[in-house]
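Below are the chains, spelled out letter by letter.
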Amino acid sequence: MRIGFGYDSHRLAEGRRLIIGGVQIPFEKGLAGHSDADVLCHAITDAIIGALGLGDIGKHFPDSDPQWKDAVSTELLKYILELVRMNGYSVAWVDTTIIAERPKIAPFIDAIRESLSGTGIPPGNINIKAKTNEGMGFIGRGEGIAAYAVCLLEKI
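A brief report on the enclosed structure follows. (Residues numbered from 1 in each chain as written. Predicted model: local features only at pLDDT ≥ 70, side-chain atom pairs only at ≥ 80, totals over all residues. Heavy atoms only, no water.)

**What about the overall build of the protein chain?**
Reasoning step 1: Helices and strands together make up the secondary structure of the protein chain, namely five helices and seven strands.
Reasoning step 2: Reading the secondary structure of the protein chain in the N-to-C direction produces β-β-β-β-α-α-α-β-α-β-α-β.
Reasoning step 3: Computed over C-alpha atoms, the radius of gyration of the protein chain comes to 15 Å, within 12% of the 15 Å expected from 2.2 N^0.38 for 156 residues, which places it in the range of a compact globule.
Reasoning step 4: Dimensions of the protein chain, computed from C-alpha atoms along their principal axes, come out at roughly 45 × 35 × 25 Å.
Reasoning step 5: Among the 156 residues that make up the protein chain, the fraction classed as buried is 47%.
Reasoning step 6: For the protein chain, the proportion of contacts with a sequence separation of at least 24, taken over those separated by at least 6, is 72%.
Reasoning step 7: Element-wise, carbon and sulfur atoms account for 53% of the exposed surface of the protein chain, whose accessible area totals about 7500 Å².
Reasoning step 8: Taking the average location of the 16 positive side-chain charges in the protein chain and that of its 19 negative ones, the two points are 2 Å from each other. (Helix = DSSP H or I, 4+ residues; strand = E, 2+ residues; numbered from the N terminus. Rg over C-alpha atoms; globule rule 2.2 N^0.38 Å. Buried < 20%, exposed > 50% of the residue type's maximum accessible area, 1.4 Å probe, protein only. Contact = heavy atoms within 4.5 Å. Areas by Shrake-Rupley, 256 points an atom, 1.4 Å probe, with all protein chains shown as cover. Lys, Arg positive; Asp, Glu negative; His and termini not counted. Charge placed at Lys NZ, Arg CZ, Asp CG, Glu CD.)

Below is the structure:
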């Protein structure tokens, strides 16, 4: 078995859609980034890459490469899940935490889990939690959103 840890954060910005876990969430701002800035998919992807011992998300999808401009993060996650299979592993478990002051994420958790199951992570193998930052820091001030993920891979 192998374990990996991932983290991502993005600034909230006008004129962007808010995409978390492949789900568009109604909000007046979205996350700024080179891709769709999906913090949850990025954290999960980084956790899986870490468990495989293959660097980090920036190594595989550098923001300096125009190929990844406006990339759909669920597609990046699918690519990394194919690397999991090619390396002889399967995703045994993924646990995540999304931290956002606003909007409330909890009403979207089932839709996010369903969206992520479309990437190849079995819906029974992922847990999604949503928290606020109690008004503290850049998240608490409503300047951005962050996500953490841990994954467990098992040899098949």
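**Considering the environment of Pro-122**
Reasoning step 1: Tracing the backbone through its elements, the reader meets Pro-122 in the loop between helix H4 (109-117) and strand E6 (126-131).
Reasoning step 2: The class for Pro-122 is partly exposed, based on a relative accessible area of 36%.
Reasoning step 3: Taking C-alpha positions, Pro-122 is 18 Å from Asp-46, a pair spaced 76 residues apart along the chain.

**Regarding the sheet that holds strand E4 (residues 30-31)**
Reasoning step 1: Spatially, E4-E1-E7-E5-E6 is the arrangement adopted by the five strands of the open sheet, whose pairing is mixed. Either end of the sheet is taken by a strand with one partner, and the two such strands are E4 and E6.
Reasoning step 2: Inspection of the sheet shows strand E5 (residues 89-99) paired to strand E7 (residues 144-155) by ten bridges, in the antiparallel sense. Opposite Val-94, over in E7, you have Cys-151 as the bridge partner.
Reasoning step 3: Running over the sheet, helix H1 (residues 39-52) touches strand E1 (2-13), E4, E5, E6 and E7 and is turned about 155° from E1. (Pairing = 2+ DSSP bridges. Axes fitted to C-alpha atoms, helices over the stretch in contact; angles between N-to-C directions.)

**Observations concerning the nonpolar core**
Reasoning step 1: One finds Ile-20, Ile-44, Ile-48, Ile-112, Leu-116 and Ile-145 to be the most contacted residues of the largest nonpolar core, which totals 44 residues.
Reasoning step 2: Broken down by secondary-structure element, the contributors of at least two residues to this core are H1, helix H3 (73-86), E5, H4, E6 and E7.
Reasoning step 3: Sorting elements by how many residues they give to this core places H1 first, with ten residues.
Reasoning step 4: Dropping the residues within four chain positions of it, Leu-116 is found in contact with Gly-21, Leu-40, Cys-41, Ile-44, Leu-77, Ile-121, Ile-126 and Ile-128. (Core = buried A, V, L, I, M, F, W, Y, C linked by side-chain atoms within 4.5 Å.)

**Description of the pattern of salt bridges**
Reasoning step 1: Applying the stated criterion across every chain, the model contains seven salt bridges.
Reasoning step 2: In this structure, Glu-75 and Lys-78 form a salt bridge, with 3.1 Å as the shortest nitrogen-oxygen distance. A residue pair is termed a helical-turn pair when its members lie 3 or 4 positions apart in one helix, as Glu-75 and Lys-78 do in helix H3 at three residues.
Reasoning step 3: Classification of Glu-75 as partly exposed rests on a relative accessible area of 43%.
Reasoning step 4: Linking Asp-95 and Lys-129 is a salt bridge whose minimum nitrogen-to-oxygen distance equals 2.8 Å. (Salt bridge = Lys/Arg side-chain N within 4 Å of Asp/Glu carboxyl O.)

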